[in-house]
Amino acid sequence: MELVPMAEPELAEFLVVAVPGYAAEHVRAGDWSEDGALERSAAEFAKLLPDGVATPDHYLFTIRDPALPAVVGILWFAVRSGPAGRSAFVYNLEIGPAYRRRGYASQAFREMEQHVRALGIGAIGLHVFGGNHAAQALYAKLGYEVTNVIMKKTLR
């Protein structure tokens, strides 16, 4: 498995799926109403990646297996600065449905950790939606710890 810097056409393909997916997750979580969710999602991606794959401090990769002709997934992280200093933040990890449960996500994260260390950064954070139990289990297995929990009760 290898992380290959993403090209602009690959980013365009990724956004075709990611923008509506991100909108749907926010609607499902109750954060956004369905009306306008797609536009809001597109605006967030545009704000985060104003220069596409050349956006400073953003690292977008395709995940490839040299034994396979297809891209198996994508990984996107950024370097962010805050009160506790610089850290990396994972914006997206997506493994194609045909390639899931084969260890690609774990391998991609281990490879990402090497990139982050090379940048002189000692911490990686991420967000996972509450209903994404498979991702939560993966991240826990990789050593990620819960640092915050936001809970909500919908009144009917």
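Everything below is about the structure shown above.
Just so you know, these numbers come straight off a predicted model, no measurement behind them.

Colleague: I tried to follow the packing of aromatic side chains on my own but got confused; where do I start?
Modeller: To describe a pair of aromatic rings, one takes the distance between the centres and the angle between the planes. The full count for this structure, using the stated rule, is 14 aromatic pairs. For the pair Tyr99 and Tyr104, a centre-to-centre distance of 6.4 Å together with 80 degrees between the ring planes defines the contact as edge-to-face. Accessibility assignment for this pair places Tyr99 and Tyr104 in one class, buried. One aromatic cluster is present, formed by Phe14, Tyr22, Trp32, Phe45, Trp76, Phe89, Tyr91 and Phe129 through successive ring pairs. The positively charged end of Arg80 is found above the aromatic ring belonging to Phe89, 3.9 Å away from the centroid.

Colleague: Got a minute to help me understand helix α4 (residues 133-141) in this structure?
Modeller: The α-helix winds at 3.6 residues per turn, so residues separated by three or four positions along the chain end up facing the same way. Within α4, burial applies to Ala135, Leu138 and Tyr139. All buried residues of α4 lie within an arc of 95 degrees about the axis, which places them on one face of the element. When the buried face of α4 is taken as reference, the exposed residues oriented beyond 90 degrees from it are His133 and Lys141. Structurally, α4 contributes buried residues whose contacts are with β4 (85-95), α3 (104-118) and β5 (124-126).

Colleague: Please clarify how the sheet that holds strand β1 (residues 2-5) should be interpreted in this entry.
Modeller: Within a sheet, adjacent strands bond to each other through the backbone by hydrogen bonds, running parallel or antiparallel. With mixed pairing, the 5 strands of this open sheet are ordered in space as β1-β2-β3-β4-β5. Whereas interior strands pair on both sides, the edge strands pair on one side only; in this sheet they are β1 and β5. Averaged over neighbouring strand pairs, the angle between their axes works out to 35 degrees when direction is ignored. Here 3 bridges tie β4 to β5, and the two strands are oriented parallel to one another. Each residue of the ladder has a partner; that of Ala88, found in β5, is Ile124.

Conventions used here
- Residue indices begin from 1 for each chain and proceed along its sequence in written order.
- The predicted origin of the model limits local features to residues at a pLDDT of at least 70 and limits the giving and counting of side-chain atom pairs to 80 or more, whereas totals for whole chains, interfaces and linings rest on all residues.
- As a rule here, side-chain values come from all non-hydrogen atoms in the structure, and water together with hydrogens is ignored.
- When two rings of Phe, Tyr or Trp (its six-membered ring) have centres within 6.5 Å they constitute a pair, described as stacked for plane angles under 30 degrees, edge-to-face for angles over 60, and tilted for the intermediate range.
- Burial classification: accessible surface area is computed with a 1.4 Å probe over protein chains only, and a residue below 20% of its type maximum counts as buried, one above 50% as exposed, and the rest as partly exposed.
- A positively charged side chain is recorded as over a ring if its NZ (Lys) or CZ (Arg) lies within 6 Å of the ring centre. The angle to the ring normal must also be within 35 degrees.
- A run of H or I in DSSP counts as a helix once it spans at least four residues, and a run of E counts as a strand once it spans at least two, with each numbered from the N terminus.
- The directions considered for the arc are those from the helix axis to the C-beta atoms.
- In this description, contact between two residues means that some pair of their heavy atoms is separated by no more than 4.5 Å.
- By the convention used here, strands pair only if DSSP detects at least 2 bridges between them.
- Helix axes are fitted only over the stretch in contact, all axes being lines through C-alpha atoms; the angle between N-to-C directions runs from 0 to 180 degrees.

Nothing here speaks to function; it is all geometry.
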